[in-house]
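# An overview of the molecular structure
Now for the letters of each chain:
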Amino acid sequence: MKRALIYYEILAYQPENLDLLNNNFDVTTVPDPSHDKEFQLEQAEIILAPLGYYVGKEKIDQMPHLKCIGSNTTGHPHIDVEYAAKKGIKVVTLKDHQDFLDTITPTSELTWGLIIALSRKMLPAARSVTNGNWSRWPFGGEHMLSQMRLGIIGLGRLGKKVAGYGRAFDMEVAYYDPYVDAEKVGFASRDLEIMSRLEDLVSWADIITLHVPHEPETENLINRTIIGQFKPGSFFINTSRGELVDHDALLHALKGKAIGGAALDVLDGEFVPGFENRVLENALVQYARNNDNLIITPHIGGSTRDAWTLTQEFTIKKIIEYFENI
């Protein structure tokens, strides 16, 4: 059996998927990559790579028998894909499996939950009740969703789903995505407006949602200049990756009331080991503790048990299939 190295504390594989791994591979479990032992790396033919720990040239070169790197993620910023290919190592992720990913919906669902929670002031309203108050007047939203414009940055799998939800709420919907063929987006042109410039989209929209993969070229896509073009009073939602946003510029806009609010499921640096022990040091988290126009959740976009189970199982089965066919 092929030897597989997995990191159980970070990857948190569901029991049935641990059984699938153990039934098909000779599995070595390690809490996280900081506990790697030289002999384990030397023996491993498969590694299941967690975000936050880079599998690059240095680590790959410590694994002379490595044949496959797996990750049940849609992106792979934590893997040196080019170097792996050069070494003849297969990289298995969810990135190019669109039909399967279309069945995985929790991140787009959370996006919409954050839109409603933020624009309707649901969290402070709920807190007021538990504090003994019963009055609707401090918590009126500015507009009905049906009277607001939805701007989507990135019209991939998740962007399309959020666009569909926006149309269901009778919103005007527009998108910016220079990599999408307008003839193949799957929406009637009369229902979905195309913006050729990101600046035009953010100055037009009342609600802006971000659905872009984290790659070197997309880091700080939402920078100080772009945030400066946001429509006054607008809301910004990020369930993608924290590295896409200049968080200092976003914090400045929130403090100055240049925008109405933001809801973030991701933060820059969240995959750096030990981040969970330093979360209260984050400037955005500190601001959110005392201000109602910022909601932060701990990267729960994909966090439904069925989605965890399905994405883990899909990745493992693709690895099994790879070895069956070589």
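For the structure, see preceding data.
Presented here is an overview of the structure given in this document. (Residues numbered from 1 in each chain as written. Predicted model: local features only at pLDDT ≥ 70, side-chain atom pairs only at ≥ 80, totals over all residues. Heavy atoms only, no water.)

### Thoughts on unusual backbone geometry
- Positive phi outside glycine occurs at aspartate 170, with the angle close to 60°.
- As for its position among the elements, aspartate 170 is in the loop between α9 (157–168) and β7 (172–176).
- For aspartate 170, a relative accessible area of 57% puts it in the exposed group.
- If you check the backbone angles, lysine 257 has positive phi at about 60° while not being a glycine.
- Tracing the backbone through its elements, the reader meets lysine 257 in the loop between α12 (247–255) and β11 (261–264).
- Lysine 257 sits in the exposed class, given a relative accessible area of 55%. (Helix = DSSP H or I, 4+ residues; strand = E, 2+ residues; numbered from the N terminus. Buried < 20%, exposed > 50% of the residue type's maximum accessible area, 1.4 Å probe, protein only.)

### Let's talk about the sheet that holds β11
- Here seven strands make up an open sheet; going across it, the order is β8-β7-β6-β9-β10-β11-β12 and the pairing parallel. In this open sheet, the two strands that pair with only one neighbour each are β8 (192–194) and β12 (294–296). Across this sheet, the average inter-strand angle for adjacent strands is 15°, counted without regard to direction.
- Across five bridges, strand β6 (residues 149–153) lies against β7 in parallel orientation. Residue isoleucine 152 lies in a different strand from β7, and its bridge partner there is tyrosine 175.
- This element, α12, spans β10 (235–238), β11 and β12 of the sheet and lies at about 140° to β11. (Pairing = 2+ DSSP bridges. Axes fitted to C-alpha atoms, helices over the stretch in contact; angles between N-to-C directions. Contact = heavy atoms within 4.5 Å.)

### A few points about the nonpolar core
- By size, the foremost hydrophobic cluster in this structure holds 33 residues, and its most contacted members are Ile153, Ile222, Phe230, Phe236 and Leu250.
- Within the residue set of this core, elements represented by two or more residues are β7, α10 (198–204), β9 (207–210), α11 (224–227), α12, β11 and α13 (283–288).
- When neighbours within four sequence positions are excluded, phenylalanine 230 is seen to be in contact with Val202, Ile208, Ile222, Phe236 and Ile259. (Core = buried A, V, L, I, M, F, W, Y, C linked by side-chain atoms within 4.5 Å.)

### Observations regarding the environment of proline 50
- In this structure, proline 50 sits in the loop between β3 (46–48) and α4 (57–60).
- Residue class for proline 50 comes out buried when judged on its relative accessible area of 3%.
- Each C-alpha atom, one on proline 50 and one on serine 71, is 6.8 Å from the other, the two residues being 21 residues apart in sequence.
- For proline 50, the residues in contact, after removing those within four places along its chain, are Tyr7, Ile10, Leu11, Pro33 and His78.

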